[in-house]
Every structure is written in C-alpha cells, then in structure tokens.
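Coordinate inspection notes
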Amino acid sequence: MSSLEKTELQLGYIPLLDCVALLWAKERGFFAEFGLNVTLVKEASWASLRDRLAFGLLDAAHCLSAMLPAAAVGADQIGIALQTPLVLSENRAFISLSQKLCYELAIHTEDSAEISAQKLVSFIQENNSVSLAHVFQHSIHHYCLREWLALADEKLAHSIQVKTLPPPYMVEALSNHLIDGFCVGEPWNTQSEIQGLSHIICSSQHIIPNVADKVLAVTKEWAQQNPNTLIHLTKAILKAQQELRELKDFDPVWQLLVNFEVVQFDCSAEVHVEKYFAIQNIIRNFIQDSAIPKVDDFEWLFVQMKKWNNLSLKSASYTSEALGCLLPETYALAAE
C-alpha cells in the first residue's frame, strides 16, 4: 500500500442507480481494503461534476461517457482531457412522457419505439408545443432522445429544441408542467411513474447500440500522476460490481440507495413489487460482458457528437481520439 501516490480521495457522483458500485465499495470497506480513504461527494448536476473534476476539486467521478470525447476535442469549452479505466453502466436510459400526453396521443407502453415516436412527431407537426428534456448535451440520453425522434422525422429530430436538466430535477419539472417528457437513467423514470406523472414508453436499448453510459473518470494528468492509486480505486469498484451481480440478499443494497437518497419512493418486495425487482435486475446487469472501456463505444460517441452536437470533427474514424479516452492497462492490472 506504500506505493500509492495518494490515499485521501474525493469521489464525485450523481444520484442515479449506476453510482451504486461506488456506494457499495464504500459501504463494504473495499476502498479501505485497497488502502484508500474515499469521501463520496454528491454533485448537483453533470455540469458541476465535470467542472469540479476537470479543475481538481474531485479526484475521480461517476461520469457520462460522452463527457470524455467532448473534453478530448474541447467541445466542453474546458478542454481538460479525461480518461477512464472502467465502465459503470451500459445503455440504461429510458424515455418517459407525461401520462396526460400519453393519454391524448394514445401512446401505450406496448407500442414500439417507432410507433411512439411517430405519434408524438405527428402531434408536434400539427403545431402543438411539446417540451422534452435530457440530462446533458454530451450524453447517450441526448443522442437517444434525438435518435428516437429521428425514427419518425430526422429533420424534426435535428431542429427541435430540448431542455437540459439534472437527473434529480426531472420529476419535479414534469410535475410543475415545465416539461412533457424526458430521457434519463433510473430511478427517476420509475419515481415519476409511481407518482402517477408519466409512463416509461421505451428503453434506449431499443434505439441505440449497447454502448457505455457511465464510466469512472479522472483527468489525464491525474491518471499520469497517480497510476497506482487509480489501479487500486478501480480494483475496489470492480470488486463491488462483482458482488452486486452475485448478491443473493438485495435488501442492504436497496437500503443503501434509500440512505443516499438515490431512491426516494416507497418500493419493496411487498410494495410496487414489479418495479422493485426491475430495478434489482438493472443493477445486477449494468454491464453485459466486461467493464473494460471499448474503443467502438467511444468511436460511436464521436459520431453522435458530430451528428447531434453539430461539431466539425475532421477525422474519418475517430479511432485515435477514442483510444486517447481509455486506460485499458489500468483495467487489466486492476482485474488481475
């Protein structure tokens, strides 16, 4: 443990289900096991988390995958390179629309993504106003929302104005009639549905490829200065991920999510039972295969940035840019 460059760490997160491996690693003493004293820091928004990570107020953070390519090309207006050794979740966003709008447009939960998109787009094309939100301009949630609309009308998908809101504010914004729908990660779709405000109408898994959604991120400079610390941090979170996949008694995990105010609604094996087990299933299956970051995922993110963020990216394949976001050697050493 004496080889660690730094042992006191500030680890940022946004209250979403896919921060659970960080919470669990702290709860179970895995950080301490690997010589680290980690303080978990809840951030109010993705923008604040990104800024605090970039400028050194956080050592590492639970980050949107698309933040890394945005930083690589300076599209985040900061231009401080970010890198990742570990994927925390893959493609687990959902699109929800207000129950009122679903009723008016006869949108049903069994509708395909194409059918629900066509119903909404037809309504918009009749000069009806609809306000949609996603979590951050560089996110799979933004790209998923536009790709969903593009199933019905690609021109409208490019032209429609969408709002950006931190995940915890989505339900409140819908309740206050500031938006009519959103694309966000769980548990905010479920909370809104349980409160009778919205319906989950489709999953990002039916719209976009199975790419990295959240990652453990550090600045490139921090990774270079603290390579052993990063390996140990990754080891602790990998251990938490593995235990969460195999854990038989899920109640302690649920209680942890309640304690950290990630889950703010009544749901259990007795109340809203289907929702409870659906969330449990999501947590057990955040990663389909390996948690190592994949070049293909980040190439796809660069393509989406060019398509939906209107960025003038000159590369044809983005392979070298994608590789610059990844730390596969750190993952390999942590997984030993």
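See above for the structure.
Presented here is an overview of the structure given in this document.

Parameters and conventions
Residues numbered from 1 in each chain as written. Predicted model: local features only at pLDDT ≥ 70, side-chain atom pairs only at ≥ 80, totals over all residues. Heavy atoms only, no water. Salt bridge = Lys/Arg side-chain N within 4 Å of Asp/Glu carboxyl O. Helix = DSSP H or I, 4+ residues; strand = E, 2+ residues; numbered from the N terminus. Buried < 20%, exposed > 50% of the residue type's maximum accessible area, 1.4 Å probe, protein only. Polar contact = N/O pair within 3.5 Å; in protein donor to acceptor, adjacent residues only side chain to side chain. 1 Å grid on protein atoms, 1.4 Å probe; cavity = no way out; pocket = protein on both sides within 12 Å on 5 of 7 lines; lining within 4 Å. Points joined across faces, edges and corners; volume = space filled by probe spheres on them. Nonpolar A, V, L, I, M, F, W, Y, C, P; charged D, E, K, R; others polar. Core = buried A, V, L, I, M, F, W, Y, C linked by side-chain atoms within 4.5 Å. Contact = heavy atoms within 4.5 Å. Pairing = 2+ DSSP bridges. Lys, Arg positive; Asp, Glu negative; His and termini not counted.

**Notes on the pattern of salt bridges**
Per the stated rule, a full pass over the model turns up 13 salt bridges. K6 is paired through a salt bridge with D59; the nearest N and O atoms lie 2.5 Å apart. Of this pair, K6 sits in the segment before strand 1 (8-13) while D59 sits in the loop between helix 3 (46-54) and strand 3 (60-64); the two residues are 53 residues apart in sequence, bridging distant segments of the chain. Classification of K6 as partly exposed rests on a relative accessible area of 31%. A salt bridge links K100 to E104, with the shortest nitrogen-to-oxygen separation between them at 2.7 Å.

**What about unusual backbone geometry?**
Of note, the bond from E186 into P187 is cis; its omega dihedral lies within 30 degrees of zero at 15°. In this fold, P187 is placed in the loop between strand 8 (181-185) and helix 10 (188-194). For Q77, which is not glycine, the phi torsion reads 65° and is therefore positive. By secondary structure assignment, the location of Q77 is in the loop between helix 4 (67-72) and strand 4 (82-90).

**Brief notes about the environment of S122**
Mapped onto the elements of the fold, S122 is located in helix 6 (residues 113-125). When the C-alpha positions of S122 and L105 are compared, they lie 9.5 Å apart, and in sequence the two are 17 residues distant. Reaching out from S122, the side chain makes a polar contact with the backbone oxygen of Q118 at a distance of 2.9 Å.

**A closer look at the layout of surface pockets**
Quantified by volume, the largest pocket comes out at close to 270 Å³. Every residue lining the largest pocket is counted, 15 residues in all, and those nearest its centre are S98, K100, L101, H177 and D180. For the lining of the largest pocket, the elements supplying multiple residues, two or more each, are helix 5 (99-105) and helix 9 (170-175). For the lining of the largest pocket, the element with the most residues is helix 5, which contributes 4 residues. Among the residues making up the lining of the largest pocket, the classes are represented as 6 nonpolar, 6 polar and 3 charged. Of the voids in this model, the second largest pocket is the one considered here, and its volume is about 210 Å³. Along the walls of the second largest pocket sit R92, F94, T109, D111, A113, E193, I200, I201, C202, S203, Q205 and H206, which together make up its complete lining. Ranked by residue count, the leading element in the lining of the second largest pocket is strand 9 (residues 198-203), at 4 residues. Of the residues that constitute the lining of the second largest pocket, the class distribution is 5 nonpolar, 4 polar and 3 charged.

**Looking at the nonpolar core**
W148 and L233 are the most contacted members of the largest nonpolar core, which has 131 residues in total. At 8 residues, helix 12 (residues 227-246) tops the list of elements feeding residues into this core. In this structure, L233 is in contact with L9, L11, F31, L36, V38, A60 and L216, ignoring residues within four places of it in sequence.

**A closer look at the environment of F34**
Positionally, F34 belongs in the loop between helix 2 (30-33) and strand 2 (37-42). Placed 202 residues apart in sequence, F34 and A236 show a C-alpha to C-alpha distance of 6.7 Å.

**Some points on the sheet that holds strand 9**
An order of 7-6-8-5-9 is seen for the 5 strands of this open sheet, with the pairing classed as mixed. Strands with a single pairing partner mark the edges of an open sheet, and in this sheet they are strand 7 (163-164) and strand 9. Relative to strand 8, strand 6 (residues 132-134) runs parallel, the two sharing 2 bridges. In the strand pairing of strand 8, A133 is matched with F182.

**Considerations on the side chain of R284**
Structurally, the position occupied by R284 is in helix 14 (residues 273-284). Buried R284, no salt bridge; nearest opposite-charge side chain is D249, N-O distance 7.5 Å. If sequence neighbours within four positions are ignored, R284 has contacts with L244, R245, E246, L247, K248 and F250.

**Here's the deal with empty space enclosed by the protein**
The full count for this structure, using the stated rule, is 2 cavities of 30 Å³ or more. Roughly 100 Å³ of volume is contained in the largest cavity. Taken together, D18, V20, A21, L88, Q241, L244, R245, I283, R284, F286 and I287 make up the full set of residues lining the largest cavity. Contributing elements (two or more residues each) for the lining of the largest cavity: helix 1 (20-27), helix 12 and helix 14. Broken down by element, the residue count for the lining of the largest cavity peaks at 3 residues, all from helix 12. Split by residue class, the lining of the largest cavity holds 7 nonpolar, 1 polar and 3 charged. As for the second largest cavity, its lining consists of L16, L17, D18, R92, G185, E186, D213, K214, I282 and F286. A per-class count over the lining of the second largest cavity returns 4 nonpolar, 1 polar and 5 charged.

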